[in-house]
Amino acid sequence: AAAGGGGGGGGGAEEAAAARAAEEKELAKMMMSRKKRRLYDRMQHGIQKKAVAADALRAKRASLEAAAASAKPPSGKAKGGGKSARRKA
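These numbers come from a predicted model, not from an experiment. (Residues numbered from 1 in each chain as written. Predicted model: local features only at pLDDT ≥ 70, side-chain atom pairs only at ≥ 80, totals over all residues. Heavy atoms only, no water.)

Caption draft 1: Region of the structure containing the overall build of the protein chain. Scanning the protein chain from terminus to terminus reveals four helices and zero strands. For the protein chain, the α and β elements follow one another from N to C terminus as α-α-α-α. Counting the 89 residues in the protein chain, one finds 0% classified as buried. Carbon and sulfur atoms provide 60% of the accessible area of the protein chain, an area that totals close to 8200 Å². (Helix = DSSP H or I, 4+ residues; strand = E, 2+ residues; numbered from the N terminus. Buried < 20%, exposed > 50% of the residue type's maximum accessible area, 1.4 Å probe, protein only. Areas by Shrake-Rupley, 256 points an atom, 1.4 Å probe, with all protein chains shown as cover.)

Caption draft 2: Representation of the confidence of the model for the protein chain. In this model, the protein chain carries a mean pLDDT of 82, and residues with pLDDT of at least 70 account for 70%. No element of the protein chain has a lower mean pLDDT than helix H1 (residues 2-5), at 52, and none a higher one than helix H3 (residues 34-71), at 95. (pLDDT = per-residue confidence, 0-100.)

Caption draft 3: Just the pattern of salt bridges, in detail. Applying the stated criterion across every chain yields a total of three salt bridges. Lys29 is the partner of Asp41 in a salt bridge, and the nearest nitrogen-oxygen pair spans 3.0 Å. On the criterion of sequence distance, the pair formed by Asp41 in helix H3 and Lys29 in helix H2 (residues 9-31) is long-range, its members being twelve residues apart. Here Glu65 ties to Arg61 by a salt bridge, and the two come within 3.5 Å at their closest N and O atoms. Placement of both Glu65 and Arg61 in helix H3 is noted, with a separation of four residues, approximately one turn of the helix. Assessed through its relative accessible area of 57%, Arg61 is described here as exposed. (Salt bridge = Lys/Arg side-chain N within 4 Å of Asp/Glu carboxyl O.)

Set out below in structure tokens:
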């Protein structure tokens, strides 16, 4: 009996609040006209799609930065100075 509900004291209240908020959102959505509900759904779809694309780009950037950091030689500053000196001259 104790394994069922006693484990996460603070988490249960947060879950209940999140469930209540989701239910209120769903009720408000039900009260919308069909046209407004469809527009709202499409807006949410676009927002979600943007978020997924942004997360993918962040992950790609992190992997590229990690690869660049591991491949960069410790004496990279000396090599870079020669090229810029040649360009200026």
